[in-house]
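The primary structure of each chain is shown beneath.
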Amino acid sequence: MVMALIWKKELSLSNMKYIIVTLLSLLSQFSLAETAGENFSGDILGRWKFVEYIYEGQKLPIPNRNLNLLFEFHETKSNRLWWFRDNEPGFCERIGLYTYENETLTDNVVWVNPDNHVECSQHPDMRMGQIAKNKVTFENGKLYLHLSLKGQPLIYVWEKQ
């Protein structure tokens, strides 16, 4: 698709720069991981969909049934986080580079889709250069992303797609 946009000259110069920087970053990260023999858990690989959350010890359904929140992890150490709502315009999307070791996910945002909905910029997960470190565990085939809300544990639960 990127090549088709370049061919049609519809890809702006700033978008091309993001794509080039992202590709170079991905290649360097992949090379470093290969040569360092990095301890890597394949459990995190694949596409995950946010299905529920746990707050104050209670499992709760997602707050908006129309929300599709997806996290995708690749062997190249890149990931993609994006969301959209059924029957509503707009989306948010970004690409990050990650490491996952000892139940800690470190994620660095390296590209943010310039066509994101205006509300996306309010979310730290959608800001260039944002680095997040969170505990990630697995239970019964689900991914648990441990966060905090008002000083209380907040856990996003994801199912593999």
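Residues numbered from 1 in each chain as written. Predicted model: local features only at pLDDT ≥ 70, side-chain atom pairs only at ≥ 80, totals over all residues. Heavy atoms only, no water.

**Observations concerning the state of the cysteines**
Then comes step 1: Counted by the stated rule, this structure contains 1 disulfide.
Then comes step 2: There is a disulfide in this structure between cysteine 92 and cysteine 120, and the S-S distance comes to 1.9 Å. One quick way to see it: the torsion about the S-S bond of cysteine 92 and cysteine 120 is about -90°, and its sign makes the bridge left-handed. Taken as a pair, cysteine 92 in strand E5 (residues 91–101) and cysteine 120 in the loop between strand E6 (104–112) and strand E7 (131–139) lie far apart in primary sequence, 28 residues in all. As far as the burial class goes, cysteine 92 and cysteine 120 line up, both buried. (Disulfide = S-S within 2.5 Å. Helix = DSSP H or I, 4+ residues; strand = E, 2+ residues; numbered from the N terminus. Buried < 20%, exposed > 50% of the residue type's maximum accessible area, 1.4 Å probe, protein only.)

**Side note on the layout of surface pockets**
Then comes step 1: Looking at the largest pocket, its volume works out to about 670 Å³.
Then comes step 2: Elements supplying a minimum of two residues to the lining of the largest pocket: strand E1 (46–55), strand E3 (67–73), strand E4 (78–85), E6, E7, strand E8 (142–149) and strand E9 (152–160).
Then comes step 3: In terms of residue class, the lining of the largest pocket is made up of 17 nonpolar, 3 polar and 5 charged. (1 Å grid on protein atoms, 1.4 Å probe; cavity = no way out; pocket = protein on both sides within 12 Å on 5 of 7 lines; lining within 4 Å. Points joined across faces, edges and corners; volume = space filled by probe spheres on them. Nonpolar A, V, L, I, M, F, W, Y, C, P; charged D, E, K, R; others polar.)

**A closer look at the pairing of E5**
Then comes step 1: Examined bridge by bridge, E4 and E5 share 7 bridges and lie antiparallel to one another. Bridged to leucine 81 within E5 is arginine 94.
Then comes step 2: Linking E4 to E5, which pair antiparallel, is a turn of 5 residues; within it asparagine 87 sits at a positive phi near 60°.
Then comes step 3: Examined bridge by bridge, E5 and E6 share 8 bridges and lie antiparallel to one another. In the strand pairing of E6, arginine 94 is matched with valine 112.
Then comes step 4: Counting the residues that bridge the hairpin from E5 to E6 gives 2 residues, and of these asparagine 102 lies at a positive phi of roughly 50°. (Pairing = 2+ DSSP bridges.)

**A few points about empty space enclosed by the protein**
Then comes step 1: A complete count under the given rule lists 1 cavity of 30 Å³ or more for this structure.
Then comes step 2: Size it by volume and the largest cavity reaches roughly 40 Å³.
Then comes step 3: Looking at the largest cavity, the residues that line it are Ile44, Trp48, Phe71, Phe73, Leu105, Val136, Leu143, Leu145 and Trp158.
Then comes step 4: Secondary-structure elements contributing two or more residues to the lining of the largest cavity are E3 and E8.
Then comes step 5: Per-class residue counts for the lining of the largest cavity are 9 nonpolar, no polar and no charged.

**Some details on the nonpolar core**
In summary, soluble globular proteins display a tendency toward joint burial of nonpolar side chains.
Then comes step 1: Judged by nonpolar contacts, the single largest core of 21 residues is most densely connected at Leu105 and Trp158.
Then comes step 2: If you list the elements that add at least two residues to this core, you get E1, E3, E4, E5 and E8.
Then comes step 3: Top element by residues in this core is E3. It accounts for 4 residues.
Then comes step 4: Among all residues touching leucine 105, those that are not within four sequence positions of it are Ile44, Phe73, Tyr98, Thr99, Tyr100, Ala132, Lys133, Asn134, Val136 and Leu145. (Core = buried A, V, L, I, M, F, W, Y, C linked by side-chain atoms within 4.5 Å. Contact = heavy atoms within 4.5 Å.)

**As for the pattern of salt bridges**
Then comes step 1: Considering all chains together, one arrives at 7 salt bridges under this definition.
Then comes step 2: Arginine 80 is the salt-bridge partner of glutamate 93, the closest N and O atoms lying 2.8 Å from each other. A residue pair is termed long-range when its members are at least 10 positions apart, and glutamate 93 in strand E5 and arginine 80 in strand E4 qualify at 13 residues.
Then comes step 3: The partner of arginine 94 in a salt bridge is aspartate 107, with the nearest N and O atoms 2.5 Å apart. Of this pair, arginine 94 sits in strand E5 while aspartate 107 sits in strand E6, and the two are 13 residues apart along the sequence. Summarising the burial analysis for this pair, arginine 94 and aspartate 107 share the class buried.
Then comes step 4: Put simply, Glu52, Lys59, Lys142 and Glu159 are held in one network by salt bridges that share partners. (Salt bridge = Lys/Arg side-chain N within 4 Å of Asp/Glu carboxyl O.)

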